[in-house]
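For reference, the chains in residue letters:
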Amino acid sequence: MSELGFLFENNTRWAEEIKAEDPEFFKKLASQQSPQFLWIGCSDSRVPANEIVGLLPGELFVHRNIANAVVHTDLNCLSVLYYAVSVLKIKHIIVCGHYGCGGIQAALGDKQMGLADHWLRNIRDIYYNKREQFEDSLSERDRVNLLCELNVAQQVANVTHTSIVQNAWDQGQDLSVHGWIYDIGDGLLKKLTPVIDTLDKIPEQYRVRKQL
Ligand code: CO
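These numbers were taken from a predicted model, which means no experiment stands behind them.

Conventions used here
Residues numbered from 1 in each chain as written. Predicted model: local features only at pLDDT ≥ 70, side-chain atom pairs only at ≥ 80, totals over all residues. Heavy atoms only, no water. Helix = DSSP H or I, 4+ residues; strand = E, 2+ residues; numbered from the N terminus. Buried < 20%, exposed > 50% of the residue type's maximum accessible area, 1.4 Å probe, protein only. Salt bridge = Lys/Arg side-chain N within 4 Å of Asp/Glu carboxyl O. Polar contact = N/O pair within 3.5 Å; in protein donor to acceptor, adjacent residues only side chain to side chain. Contact = heavy atoms within 4.5 Å. Donors = N, O, S within 2.8 Å, 3.2 Å for Na, K, Ca; no water.

A.B. asks: It is not clear to me how unusual backbone geometry should be interpreted in this structure. Could you clarify?
C.D. replies: Excluding glycine, most residues fall at negative phi; most peptide bonds, likewise, are trans. The phi angle at Ala67 is positive, at roughly 70°, despite the residue not being glycine. Residue placement: Ala67 occurs in the loop between strand S2 (60-65) and helix H4 (75-87). Residue Ala67 is classed as buried on the basis of its relative accessible area of 0%. Phi is positive for Asn68, close to 40°, though the residue is something other than glycine. Structurally, the position occupied by Asn68 is in the loop between S2 and H4. Residue class for Asn68 comes out buried when judged on its relative accessible area of 1%.

What follows is the structure, encoded as structure tokens:
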């Protein structure tokens, strides 16, 4: 058997288990998907989106990158956001960070990490802008976890500052943006930021004009 044979064995078993519950499951999914949620999370292997929230294939549209960042020039994330909101008409966008995030830790440190440094600069900017909240008495772990939380709040804001989300609200679409954080130490999720579901909940300076 090849080195990765066990992955195929796992896959066969997984598909059989699902079919035992619902013989038509994959047939139905093959023709369409209608997820209600977009998950924007970290790539970290300890934070598997579907499993954490107990959702099946077809129920969660997912985008993951290092430190769950929503960067305004990132065509990849913006394309996922656009497709989820404008085509699939999902109802909830969940930005989910996690404590002990390696990307956040790297963004706080001064070691060169290669190409990823350019990505993590976005996170370092959050730290710099909020540096007064980082009291000297905080341990290294607490500093990382505080930035994990501040990062979620900033990425939630970044989602709401896009014309994609604002146009959806303008067109009367039911769409809420949530900021959560996951604890890899106990497997539990926590709500972090107030739900944003209307234009008046975002600063005026970030509102864009209606589409012509
Ligand atoms: Co992470």
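A.B. asks: Teacher, can you tell me more about the pattern of salt bridges here?
C.D. replies: Note on pairing: side chains with opposite charge can pair once their charged atoms come close. The final tally for this structure, using the stated rule, is six salt bridges. Here Asp125 ties to Arg121 by a salt bridge, and the two come within 3.1 Å at their closest N and O atoms. Here Asp125 and its partner Arg121 are both found in helix H6 (residues 116-129), four residues apart, which amounts to about one turn of the helix. The class for Asp125 is partly exposed, based on a relative accessible area of 31%. Given the relative accessible area of 48%, Arg121 is considered partly exposed.

A.B. asks: Would you explain the side chain of Gln155 in this entry?
C.D. replies: Mapping Gln155 onto the fold places it in helix H7 (residues 140-160). By relative accessible area, Gln155 is classed as buried at 2%. Looking at Gln155, its side chain comes within polar contact range of the side chain of Asn158, at 3.1 Å. Excluding its chain neighbours within four sequence positions, the residues that come into contact with Gln155 are Asn68, Ala69, Val70, Val95, Ile123 and Ile126.

A.B. asks: What exactly am I supposed to notice about the coordination of the cobalt ion here?
C.D. replies: For the cobalt ion, every protein donor is listed as Cys42 (SG), His98 (NE2) and Cys101 (SG), and the spread of their distances is 2.1 to 2.3 Å. If you list the donors of the cobalt ion from N- to C-terminus, the spacing comes out as C-x55-H-x2-C. With a gap of 59 residues between them, Cys42 in strand S1 (residues 37-42) and Cys101 in the loop between strand S3 (92-98) and helix H5 (102-108) connect regions that are remote in the sequence. Here Cys42 matches Cys101 in class, with each residue buried.

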